[in-house]
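Listed below, chain by chain, are the residues.
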Amino acid sequence: MALHRRHDIRATMDADIYATAAADLSVPKYRLGENALRADVAEALVRDELFRDGNARQNLATFCQTWVDPEIHQLMDLSIDKNMIDKDEYPATAELESRCVHILADLWHSPKAADTLGCSTTGSSEACMLGGLALKWQWRERMRAAGKPTDKPNLVTGPVQVCWHKFARYFDVELREIPLAPGRLGMTAEEVLKRVDTNTIGVMPTMGVTFTCQYEPVAEVAAALDRLQGETGLDIPMHVDAASGGFTAPFIEPGLRWDFRIPRVRSINASGHKFGLAPLGVGWVVWQDRADLPEDLIFYVNYLGGNMPTFALNFSRPGGQIIAQYYLFMRLGREGYRQILRNSYETAQYIGREICKLGPFELAFDGDSRKGIPAISWMIKSGAEPGYSLFDLSDRLRVYGWQVAAYTMLPDITDVVVIRVLIRHGFSRDMADMLLEDTKRSIAHLRTHKPGVPLAADEGTTFTHHALPKEKLPV
Ligand SMILES: *Cc1c(COP(=O)(O)O)cnc(C)c1O
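Summarised in this report is the structure supplied together with it. (Residues numbered from 1 in each chain as written. Predicted model: local features only at pLDDT ≥ 70, side-chain atom pairs only at ≥ 80, totals over all residues. Heavy atoms only, no water.)

### A look at the environment of isoleucine 252
Logical step 1: Positionally, isoleucine 252 belongs in helix H9 (residues 249–252).
Logical step 2: Residues isoleucine 252 and leucine 422, 170 residues apart in the sequence, show an inter-C-alpha distance of 17 Å.
Logical step 3: Residue contacts for isoleucine 252: discarding those within four places in its chain leaves Arg338, Leu341, Arg342, Tyr345 and Ser369. (Helix = DSSP H or I, 4+ residues; strand = E, 2+ residues; numbered from the N terminus. Contact = heavy atoms within 4.5 Å.)

### A closer look at the pattern of salt bridges
Logical step 1: Using the criterion set out here, one finds 24 salt bridges in the structure.
Logical step 2: A salt bridge links aspartate 368 to lysine 371, with the shortest nitrogen-to-oxygen separation between them at 3.9 Å.
Logical step 3: According to the relative accessible area criterion, aspartate 368 is buried, its value standing at 10%.
Logical step 4: The exposure class assigned to lysine 371 is partly exposed, which follows from its relative accessible area of 41%.
Logical step 5: Three or more residues are tied together by salt bridges with common partners; here these are Arg184, Glu191, Lys194 and Arg195. (Salt bridge = Lys/Arg side-chain N within 4 Å of Asp/Glu carboxyl O. Buried < 20%, exposed > 50% of the residue type's maximum accessible area, 1.4 Å probe, protein only.)

### What about the packing of aromatic side chains?
Logical step 1: On inspection of all chains with the given rule, the structure shows 10 aromatic pairs.
Logical step 2: Ring centres of phenylalanine 167 and phenylalanine 171 lie 5.6 Å apart, and the angle between their planes is 40°; this geometry places the pair in the tilted category.
Logical step 3: Following the ring pairs from residue to residue traces out a cluster consisting of Phe247, Phe251, Phe329 and Tyr337.
Logical step 4: The ring of tryptophan 137 is capped by arginine 140, whose NZ or CZ atom sits 4.3 Å from the centre of that ring.
Logical step 5: We note lysine 274 situated over the ring of phenylalanine 63; from NZ or CZ to the ring centre the distance is 5.0 Å. (Phe/Tyr/Trp six-rings, centres within 6.5 Å; stacked < 30°, edge-to-face > 60°. Lys NZ or Arg CZ within 6 Å of the ring centre and 35° of its normal.)

### A short note on the nonpolar core
Logical step 1: Of all hydrophobic cores here, the largest spans 63 residues; its most connected members are Trp108, Val192, Val203, Leu225 and Trp258.
Logical step 2: Among the elements of the structure, helix H4 (91–107), helix H8 (218–232), strand S5 (238–241), H9, strand S6 (265–271), strand S7 (283–287) and helix H10 (320–355) are those that each provide at least two residues to this core.
Logical step 3: Residues lining this core come from more than one domain, with at least three contributed by each of domain 2 (73–329) and domain 3 (339–459). (Core = buried A, V, L, I, M, F, W, Y, C linked by side-chain atoms within 4.5 Å. Domains from an automatic or database assignment.)

### Observations concerning the sheet that holds strand S10 (residues 361–365)
Logical step 1: Strand order in the open sheet made by the 4 strands is S10-S11-S13-S12, with antiparallel pairing throughout. Taken across any chain shown, the strands that pair with only one partner, and hence form the sheet edges, are S10 and strand S12 (405–409). Within the sheet, the average angular offset between the axes of one strand and its neighbour, ignoring direction, is 40°.
Logical step 2: Both strand S11 (residues 375–380) and strand S13 (residues 413–422) contribute to a ladder of 5 bridges, which runs antiparallel. Along S13, the bridge assignment pairs methionine 379 with valine 418. (Pairing = 2+ DSSP bridges. Axes fitted to C-alpha atoms, helices over the stretch in contact; angles between N-to-C directions.)

In structure tokens, the structure reads:
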């Protein structure tokens, strides 16, 4: 066809994105293109690029929120241009941030909840850095006052999320991480006492350990540190990484003591975008008392108007997530959070019971709300030889769109593989049944097609699920 004819046809097809010239060219990958594209065409092309991402709600490996209600979409859109750092220009957003801080301080039983300090962050990682820095500054002051050297700070933790490894390296603090051991999947008072000394800036337990989903025994560790202080005078503060647990335990296990009811707990962080149910991009850190945050760490800036205090690693940040967090507090209240969590725990426990009927599995974590967050993890029973590994199962579940994490308890226990499934807001019982059905199909497939056994030459190029009965075919 003559080229000019093609252009004519294209002009009349203008409304159809896939008939435009742009849709017929490869998109820029390494260099900025020379020309502009129609907005709807560019949007469609970008949208199509995203096809290969997983479906977020089927991602059961993440702790982060993957479902938000339509009202949150509206509030996020409304606030897309609000910079939360600019508290003079956006005083209402600043006010909502401040309310969230005090609500959390109260939820976590700060004795001075209406007066204490805290702030929003990008997530728990930044919140942990700020909590850790406050501990380091306080420790250094204590050491200086006592005329002691300040060059060898250390932090005692259980098996931690990577942000604490970052904190230790970025801010030059020795990380004394209690290793996982068979039969000991987290911090214990005894192991803490073996590691603390005058250079310990703090002890940091986790509420909802990444590897095990479990709560570490904050109250027991605090009691041990109380005894240590009684015997030696050494007064070691605690920060709790409650990235997940900060939004689960207060609602579902209000009697569990892990927060500011324990005087030794001086600061707490949590991820608003995990069980806080806010969209991605918000975390919180709160100090038990104003005095726990050294004034020296706060900067005052006047170039946005007013004289604004700031303690953060970032400067400009979107305000929408904070606004959404406040909306959720108002919308759900304690009862709303409790009900959502109750469903999540019940769904987790249900999957735990059912999964063990499908193969030679046993639970590593059963979704007990007294012990941890709404999740389950399972492993292959010791001695069982099903002919496939949990890595194979995880891999096979991807065929149906599910992303479940299979991992070893690195770095200390490398011979136990677990699969972990997080249950979050927006994951219904019906979805649990879909997951179980697909797990059953995956196991049937792995039994017939043993992983690691090369296919016969004539099978190599054909689709391999023909050995399954017809009604079991993936749909
Ligand atoms: C998720 C998580 C973090 C990091 O939080 P982000 O909000 O992803 O930055 C830190 N600690 C624990 C225990 C976590 O689960």
